[in-house]
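Spelled out from the first residue to the last, the chains are:
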Amino acid sequence: KKGAAVASLVAPFTNPLLKAYADAGLSCFCMEMVPRISRAQSMDVLSSQANIAGYKSVLLAMEHYQRFFPMLMTAAGTVQPAKVLIMGAGVAGLQAIATARRMGANVEVFDVRAAAKEQVESLGARFVEVASDEDAEDAGGYAKEMDDDYKQRQAELIAERAARSDIIITTALIPGRPAPVLITEEMVQTMKPGSVIIDLAVEMGGNCPLSELDQVVVKHGVTLVGVANIPALMATDASGLYARNLLNFLTPMLDKESGGLNINMEDEVIASSLICRDGEFLKPELLNKGESA
């Protein structure tokens, strides 16, 4: 009804219905736009779901990889540990690193943000970086798009590492943009038969152009897993964490006397996440992107 408040995942950069929310007179909170500040960590839906995706991505890789993850020394010979390359050291990537290391794999990690190096190494993985004078992290803590020279050097380094890898997990996303292509078809052709790619960016076009949305396919001898909604594979915990995010988000706004919401636009969390109210769309830059999508 008009005047109702909706707090939800909205997919603000691709959703064609954004204007309809304002036209319906809704107060619509976009949970993806909750700012990355200390006070809002318990409300961060993207992080809670990415944690699940990072963990489950390693389990999916183990399911499709037909060899051991850890090193095994037996009377019949020694089995070398799996070599895992993780693209992106955000929340999903860090959880994937920790999980793959627990399973005994050798892990290398690539991220454009130099600040990620310390976190990666603290988890026992090797950080692979392209030297650059430019800061690849935006004000919100997300990766930003780099220039063509950087992309060329990046592609050469990734190609070298991909050819050695048994498993690649890609997590690279740029808010509001298609997912960057990191693993080209030529790179896939150089990978060992039986290798596995888990593409966590498949909903935004994929970090590998051979990935297919919600499909598991084999191309050039490599298994590509393009499951879009990986947190849904662990629905109980995904729902529980999401519910707690929403509770933490809404509780500070609750007006105990009226039973309604006190929407204070001077609050950074509210100002960042509220996209429309009383028929007015508050973030026209999203509206334009939503319509073009």
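Described below are features of the structure shown in this document. (Residues numbered from 1 in each chain as written. Predicted model: local features only at pLDDT ≥ 70, side-chain atom pairs only at ≥ 80, totals over all residues. Heavy atoms only, no water.)

### Brief notes about the side chain of Ser195
Position of Ser195 relative to the elements: it lies in the loop between α6 (185-190) and β9 (196-199). What makes Ser195 buried here is its relative accessible area of 2%. At a separation of 2.6 Å, a polar atom in the side chain of Ser195 contacts the main-chain carbonyl oxygen of Lys192. (Helix = DSSP H or I, 4+ residues; strand = E, 2+ residues; numbered from the N terminus. Buried < 20%, exposed > 50% of the residue type's maximum accessible area, 1.4 Å probe, protein only. Polar contact = N/O pair within 3.5 Å; in protein donor to acceptor, adjacent residues only side chain to side chain.)

### As for the nonpolar core
Of all hydrophobic cores here, the largest spans 30 residues; its most connected members are Phe69 and Val107. For this core, the elements supplying multiple residues, two or more each, are α2 (45-64), β5 (83-87), α3 (91-102), β6 (106-110), α4 (116-122), β8 (167-170) and β9. Contacts of Phe69, omitting those with residues within four sequence positions, involve Val58, Ala61, Met62, Pro81, Ala82, Val84, Ala100, Met103, Gly104, Ala105 and Ile167. One finds Phe110, Val128, Val130 and Ala172 within the second-largest nonpolar core, a separate group that totals 22 residues. (Core = buried A, V, L, I, M, F, W, Y, C linked by side-chain atoms within 4.5 Å. Contact = heavy atoms within 4.5 Å.)

### Re the packing of aromatic side chains
According to the stated counting rule, one finds two aromatic pairs in the structure shown. Taking the centre distance of 5.4 Å and the plane angle of 75° together, the rings of Phe29 and Phe249 count as edge-to-face. With Phe29 in strand β2 (residues 27-30) and Phe249 in helix α7 (residues 235-250), this pair connects stretches of sequence that are 220 residues apart. For the pair formed by Phe29 and Phe249, the shared burial category is buried. Centroid distance Tyr65 to Phe69: 6.2 Å. Interplanar angle 75°. Geometry classified as edge-to-face. (Phe/Tyr/Trp six-rings, centres within 6.5 Å; stacked < 30°, edge-to-face > 60°.)

### A look at the pattern of salt bridges
Pairing between side chains becomes possible if they bear opposite charge and their charged atoms approach one another. Evaluation of the coordinates by the stated rule reveals 11 salt bridges. The closest approach of N and O atoms between Arg161 and Glu108, which form a salt bridge, is 3.2 Å. Of the two residues, Arg161 sits in helix α5 (residues 148-164) while Glu108 sits in strand β6, which places them 53 residues apart along the sequence. Here the two residues Arg161 and Glu108 agree in accessibility, since each one is buried. Of the charged contacts in the structure, one is a salt bridge between Asp111 and Arg113, with a shortest N-O distance of 3.1 Å. We classify Arg113 as buried; its relative accessible area is 11%. It is possible to trace a salt-bridge network through shared partners that takes in Glu108, Arg126, Glu160, Arg161 and Arg164. (Salt bridge = Lys/Arg side-chain N within 4 Å of Asp/Glu carboxyl O.)

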